[in-house]
Each structure stands twice: as structure tokens, then as C-alpha cells.
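Residue-level structural notes
Spelled out, the chains give:
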Amino acid sequence: MPPVLPPRVLLLGGTTEAARMARALAEDGVDAVYSYAGRTENPVAQPLPVRIGGFGGVEGLAAYLKAEGITHLIDATHPFAAQMSRNAVEACAASGIPLIALEREPWQAAECDRWTHVPDLSGAVAALGEAPRRVFLAIGRQTLDAFAVAPQHHYLLRLVDPPTEPLPLSRAEAVIARGPFTVEGDRKLLTDHRIEVIVAKNAGGAGAEAKLVAARELALPVILIDRPWVPERPVARSVQAVMAWLSG
Ligand code: NAP
């Protein structure tokens, strides 16, 4: 019988969950590489070797898996990073490499919440309506231009890095901050900026939930964008479950 080789893991990251996963892998001495897309200027340091940047689609990822001798892939990307997740499913299927997603449960409305669920960004724009409103647009930087068709609103943005180019929205101001956020801090942000409605992605997880709890306390409406489609794949809800999968 050939000896069973220890696992070598590719961890697709960019989230609080991925940072937790990286800690657990490092503590257990698992041979692993943490992958960032390279979207932020100063990515959070990780206790694992880090690589940064796209792989070059499904083929590029499959080639990387082979070249690096990867035996297991953990997809701990954000639930809205659907392209990366789709590529991972395809590349792993083509390479015969087992994959698991570390995925947060979507947020669920409490009885008193004033949430409107929309399928995508254009649904969120439509749900804002015609009358000008003061909007906390908590969707990150990359997809802001979807809201350029609704210039009547005033937009408050929260970005990880200061913008290096003019924002695609004319009536917008940005606060620069990196999560996780607190309910107290988000309540103050919403009050100070006289926010009337929040637009957010249904990311799930604890790090970005504070704005929803603050909205609940302030009885503010929230427009929540549903998660994009990703192919069916094994999903774990905790770091421990992924560790068990890895050693199983
Ligand atoms: P995406 O649309 O699914 O991915 C676009 C391309 O970016 C992928 O095809 C891949 O390029 C590259 N990429 C994405 N994640 C990568 C990773 N972890 N390592 C290496 N390459 C990666 O992703 P996105 O929505 O732009 O998100 C980018 C990153 O930001 C993700 O890592 C995600 O976890 C994090 N993030 C996203 C959001 C969000 O709202 N979307 C929020 C917080 C954090 P190639 O095809 O060239 O391989």
C-alpha cells in the first residue's frame, strides 16, 4: 500500500470566516496556502503562507492545484464571491480534488424587522423608489455603479480603502472602516448621517450583522439582496466541521 500523504490545502479567503479557518489550520500544523483576490491594499496578515491574485479562471485554478500538489480545497470566500466559488467547483471536479465550502447561514428577519428581499442589485435600486432618500449603501466598492441610475438619493458608503478614483455616484460620501463592526458604532453611524434606509447583501455571519441590529433598534427599513447562485457543493457551517472533513 502506498503511504497516505498528509493533506495540502488551498484556502480561498477574504472573509472573517477564512481568517478563523486559517488559525485552526495553522494551530493543527496543516500544510496550507491562503489565497486572497487582491482587492484590498493591506490585506489582514494570516498565520499561513499567502498568495495574492486571481488564478486565471477554471483552467488557471486547475493548473495551480496541480502545480502546488493541493489535495483539498476549502472555499471560505464571501457568499457573494460567486464567480470564484463556481470556478472552484469546476476546477476541483476536473482535478478530482475534494472541496468543501465554509459558508455562513443567511440572516433571518426578526418579527419586528422591516426587510425587503430583492434578488439582485437592480432589484435593490428599484426598491429604493423615485423619491430621494438618504441611503446607507453597505455593499462594498465593486458594484456601486449599479446605483448610478438613481442619482436622486444621497449615499453613505463604507469602504475598506479610501477611493483612489472618483466614485461612480455623484451624491455620495464614504467612511473608511474595516469590520467586524459593533451595534453601538453602527447605530451612531446611521443616526449621525440621518440614514433613512439601508441596502445590504445577505452575507450572513457576525462581522457585518451589526448594521441590521442597529436598523432594528432604530426601526429603519432594510433592502436585503439575496445571495447569487452557486453550484451545489458540500457545505460546512463551522471551522470544526471543516477540520473533521479534512481528517476524515
Ligand atoms: P468573484 O466575483 O467571485 O471573483 C472574481 C475573480 O476574482 C475570480 O474569478 C478570481 O479570479 C478572483 N478571486 C476571487 N476571490 C479570490 C481568492 N480568494 N483568491 C484568488 N482569486 C480570487 O469575487 P469578488 O466578489 O470580487 O470577491 C473578491 C474577494 O473579496 C473574495 O476573496 C471574497 O471572499 C472577498 N469579499 C467579497 C465580498 C463581496 O461582497 N463580493 C465581500 C467581502 C469580501 P480568477 O478567475 O482569475 O481566478
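So, here is what we can say about the structure in this document. All figures in this text were calculated on a predicted structure; none of them were measured in a lab.

A few words on the nonpolar core. Counting 21 residues, the largest nonpolar core has Leu11, Met21, Leu25 and Ile74 as its most contacted members. Here this core gets 5 residues from one element, more than from any other, and that element is helix α1 (residues 16–27). Among the nonpolar cores identified, the runner-up in size contains 19 residues, and Ala150, Tyr155, Val197 and Ile225 belong to it.

Our next topic: the packing of aromatic side chains. Per the stated rule, a full pass over the model turns up 3 aromatic pairs. Note on Phe147 and Tyr155: the rings are 5.9 Å apart at their centroids and 75° apart in plane angle, and the pair reads as edge-to-face. The exposure class of Phe147 is buried, given its relative accessible area of 0%. The ring of Phe55 has Arg51 lying over it, and the distance from NZ or CZ to the ring centre is 3.9 Å.

What follows concerns the sheet that holds strand β3 (residues 50–52). As summarised here, the arrangement of the 6 strands in space is β3-β2-β1-β4-β5-β12, forming an open sheet in which the pairing is parallel. The open sheet has two edge strands with one neighbour each: β3 and β12 (235–236). Contacting β1 (8–12), β2 (31–36), β4 (72–75) and β5 (99–102), α1 runs over the sheet at an angle of about 160° to β1. Along the sheet, helix α3 (residues 82–95) contacts β1, β4 and β5; its crossing angle with β4, the most-contacted strand, is approximately 165°.

Every one of the 23 residues lining the ligand counts as a neighbour, but Gly13, Ser35, Phe55, Met84 and Lys201 are closest to it. Here an oxygen atom of the ligand and a backbone polar atom of Gly56 are 2.8 Å apart. Ala81 places a polar main-chain atom, nitrogen or oxygen, 3.1 Å from an oxygen atom of the ligand. Against a free-state accessible area of 810 Å², the protein chains account for coverage of 78% of the ligand. Of all the secondary-structure elements, those providing two or more residues to the shell around the ligand are β2 and α3. Counting residues per element, the shell around the ligand draws most heavily on α3, which supplies 4 residues. Of the residues contributing to the shell around the ligand, the split by class is 7 nonpolar, 13 polar and 3 charged.

Before going further, it helps to spend a moment on the environment of Ala109. As for its placement among the helices and strands, Ala109 is situated in the loop between β5 and β6 (114–118). Using a relative accessible area of 44% as the deciding quantity, one classes Ala109 as partly exposed. Taking the C-alpha atoms as reference, Ala109 lies 9.2 Å from Leu212; in sequence the two are 103 residues apart.

Before going further, it helps to spend a moment on the pattern of salt bridges. Across all of its chains, the model carries 12 salt bridges by this definition. Here Asp31 and Arg8 are joined by a salt bridge, their closest N and O atoms 3.0 Å apart. Of this pair, Asp31 sits in strand β2 while Arg8 sits in strand β1, and the two are 23 residues apart along the sequence. Between Asp186 and Arg158 there is a salt bridge, with its nearest N and O atoms 2.7 Å apart. Pair noted here: Asp186 is in helix α5 (residues 183–192) and Arg158 is in strand β8 (residues 154–159), with a separation of 28 residues, a long-range link. Neither residue differs from the other here; Asp186 and Arg158 are each classed as buried.

What counts, and where the lines are drawn
- Residues numbered from 1 in each chain as written.
- Predicted model: local features only at pLDDT ≥ 70, side-chain atom pairs only at ≥ 80, totals over all residues.
- Heavy atoms only, no water.
- Core = buried A, V, L, I, M, F, W, Y, C linked by side-chain atoms within 4.5 Å.
- Buried < 20%, exposed > 50% of the residue type's maximum accessible area, 1.4 Å probe, protein only.
- Helix = DSSP H or I, 4+ residues; strand = E, 2+ residues; numbered from the N terminus.
- Phe/Tyr/Trp six-rings, centres within 6.5 Å; stacked < 30°, edge-to-face > 60°.
- Lys NZ or Arg CZ within 6 Å of the ring centre and 35° of its normal.
- Pairing = 2+ DSSP bridges.
- Contact = heavy atoms within 4.5 Å.
- Axes fitted to C-alpha atoms, helices over the stretch in contact; angles between N-to-C directions.
- Near = heavy atom within 4 Å.
- Polar contact = N/O pair within 3.5 Å; in protein donor to acceptor, adjacent residues only side chain to side chain.
- Areas by Shrake-Rupley, 256 points an atom, 1.4 Å probe, with all protein chains shown as cover.
- Nonpolar A, V, L, I, M, F, W, Y, C, P; charged D, E, K, R; others polar.
- Salt bridge = Lys/Arg side-chain N within 4 Å of Asp/Glu carboxyl O.

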